[in-house]
Amino acid sequence: MYPTVGGNRAAVIYDDLELFLTDWYRRALTNRPEAVCANVSVGRVESVKTPPPAKQLVIRDDGTSRDTFLTGRASIGLTVLAGTKLNPRDAKELAQIVLALAELIPFDDPSNPLTRVYDSNGPYMVPEDSTFARVYSTVTFGVAARPL
């Protein structure tokens with residue numbers, strides 16, 4: 001049996017979580033007192049500028065699995081690039097703050113499609129051939145669908 005609205009079969013979609021989270025993290029990091037949170041470039045993809053920003057947060061939506069007709073679980077990747085591989089302190093500190101901030105997202109705000117944090121993993125260093133240190137974390141959020 002499919003859910004119906006007004007006698008018609010209903011369909012739902014999930015909001016653009018990358019867009020919501022990039023906007024939210026830009027504001028949240030700007031308002032943090034820690035020096036490592038200043039001037040962080042937040043986006044969906046790594047910057048291609050030359051030279052790149054000294055600190056970046058890249059937010060990636062890895063998809064939502066449906067729990068019920070109106071709810072799901074969204075897997076979000078959070079990549080921090082900062083500092084250097086020889087001195088990753090800024091990258092590690094910023095990644096810890098970014099992951100901690102996920103718990104502070106206002107889940108009772110009606111404009112927020114996220115409903116809770118189910119779990120998180122990380123942060124952990126990603127070995128690669130880059131001048132920046134890369135630290136990666138994931139968060140699984142509960143997400144509410146909206147009618148199409």
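Placed above this text is the structure.
If you're wondering where the values come from, they're calculated on a predicted model, not measured in any experiment.

Student: What's the story with the overall build of the chain in this structure? I'm lost.
Tutor: Looking only at helices and strands, the chain features two helices and nine strands. Moving toward the C terminus, one meets the helices and strands of the chain in the order β-β-β-α-β-β-β-α-β-β-β. Seen through its principal axes, the chain has C-alpha atoms that stretch 60 × 30 × 30 Å. The burial tally for the chain puts 39% of its 148 residues in the buried class. A fraction of 62% describes how many contacts in the chain between residues 6 or more apart in sequence connect residues 24 or more apart. Total accessible area computed for the chain in this model is approximately 8,600 Å², and 53% of it derives from carbon and sulfur atoms. Taking the 16 positively charged and 17 negatively charged side chains of the chain as two groups, their mean positions are separated by 1 Å.

Student: I keep staring at the pattern of salt bridges and nothing clicks. Help me out?
Tutor: Side chains that differ in sign of charge can pair as their charged atoms come close. Tallied over the entire structure, the rule returns nine salt bridges. Two residues, D16 and R44, come together in a salt bridge whose shortest N-O distance is 2.4 Å. Of this pair, D16 sits in the loop between β3 (12-13) and α1 (17-30) while R44 sits in the loop between β4 (41-43) and β5 (56-66), and the two are 28 residues apart along the sequence. Take R44: its relative accessible area is 37%, and that puts it in the partly exposed class. Where salt bridges share partners, they join D16, E18 and R44 into one cluster.

Student: So what exactly am I meant to see when it comes to the side chain of T22 here?
Tutor: If you trace the backbone, T22 turns up in helix α1. A distance of 3.0 Å separates a polar atom in the side chain of T22 from the backbone oxygen of L19.

Student: Please explain the nonpolar core as it appears in this structure.
Tutor: Side chains that are nonpolar tend, in soluble globular proteins, to be buried together. Core analysis: the largest hydrophobic core is formed by 34 residues, its most contacted members being L21, Y25, L29, L57 and F141. Elements supplying a minimum of two residues to this core: α1, β5, β6 (71-82), α2 (89-101), β7 (114-125) and β8 (133-144). Once residues within four sequence positions are removed from consideration, F141 is found in contact with L21, G72, R73, A74, I76, A102, I105, F107, L114, R116, V117 and Y118.

Student: So what exactly am I meant to see when it comes to the packing of aromatic side chains here?
Tutor: Here a ring pair, both rings aromatic, is described through the centre-centre distance and the interplanar angle of the planes. A full pass over the atoms with the stated rule returns two aromatic pairs. Pairing W24 with Y25 gives two aromatic rings, centres 5.1 Å apart and planes at 90 degrees, and the pair type is edge-to-face. Here the two residues W24 and Y25 agree in accessibility, since each one is buried. Ring centres of Y124 and Y136 lie 5.9 Å apart, and the angle between their planes is 80 degrees; this geometry places the pair in the edge-to-face category. Linking Y124 in strand β7 with Y136 in strand β8, this pair joins segments that are twelve residues apart in sequence. Residue Y136 is classed as buried on the basis of its relative accessible area, which comes to 14%. Across from the ring centre of Y118, 3.6 Å away, lies the NZ or CZ of R73, which sits over that ring.

Student: Is there a simple way to explain unusual backbone geometry in this structure?
Tutor: Most peptide bonds take the trans form, and the phi angle of most residues other than glycine is negative. For the bond running from T50 to P51, omega is -5 degrees, close enough to zero to count as cis. Note that P51 resides in the loop between β4 and β5. With an omega dihedral of -5 degrees, the bond running from G122 to P123 counts as a cis peptide bond. Relative to the assigned elements, P123 resides in strand β7.

Reading the values: the criteria
The written sequence of each chain sets the order in which its residues are numbered from 1. Given that the model is predicted, a residue must reach a pLDDT of at least 70 before its local features are reported, and side-chain atom pairs must reach 80 or more before they are shown or counted; all residues, however, enter totals for whole chains, interfaces and linings. For side-chain calculations, the full set of non-hydrogen atoms in the structure is used, while hydrogens and water are omitted. Here a helix means four or more residues in a row that DSSP labels H or I, a strand means two or more in a row labelled E, and each is numbered from the N terminus. Throughout, exposure labels follow a simple rule: accessible area from a 1.4 Å probe, protein chains only, divided by the maximum for the residue type, with under 20% read as buried, over 50% as exposed, and the rest as partly exposed. By definition, residues are in contact when any of their heavy atoms lie within 4.5 Å. In this description, accessible areas are obtained by the Shrake-Rupley approach with a 1.4 Å probe, and a residue is regarded as covered only by the protein chains that are shown. His is not counted, nor are the chain ends; Lys and Arg add positive charge and Asp and Glu add negative charge. Charge coordinates come from a single atom per side chain, which is NZ of Lys, CZ of Arg, CG of Asp or CD of Glu. The term salt bridge refers to a pairing of a side-chain nitrogen on Lys or Arg with a carboxyl oxygen on Asp or Glu at a separation within 4 Å. Think of a polar contact as two N or O atoms within 3.5 Å of one another; within protein, one of them needs to be a possible hydrogen donor and the other a possible acceptor, and neighboring residues in sequence only count if both atoms come from side chains. We define the nonpolar core as a collection of buried residues of types Ala, Val, Leu, Ile, Met, Phe, Trp, Tyr and Cys that are connected through side-chain atoms lying within 4.5 Å of one another. We call Phe, Tyr and Trp rings a pair once their centres come within 6.5 Å, taking the six-membered ring for Trp, and we label the pair stacked below 30 degrees between planes, edge-to-face above 60, and tilted otherwise. Here, a charge over a ring is recorded when the distance from Lys NZ or Arg CZ to the ring centre is within 6 Å and its angle to the ring normal is within 35 degrees.

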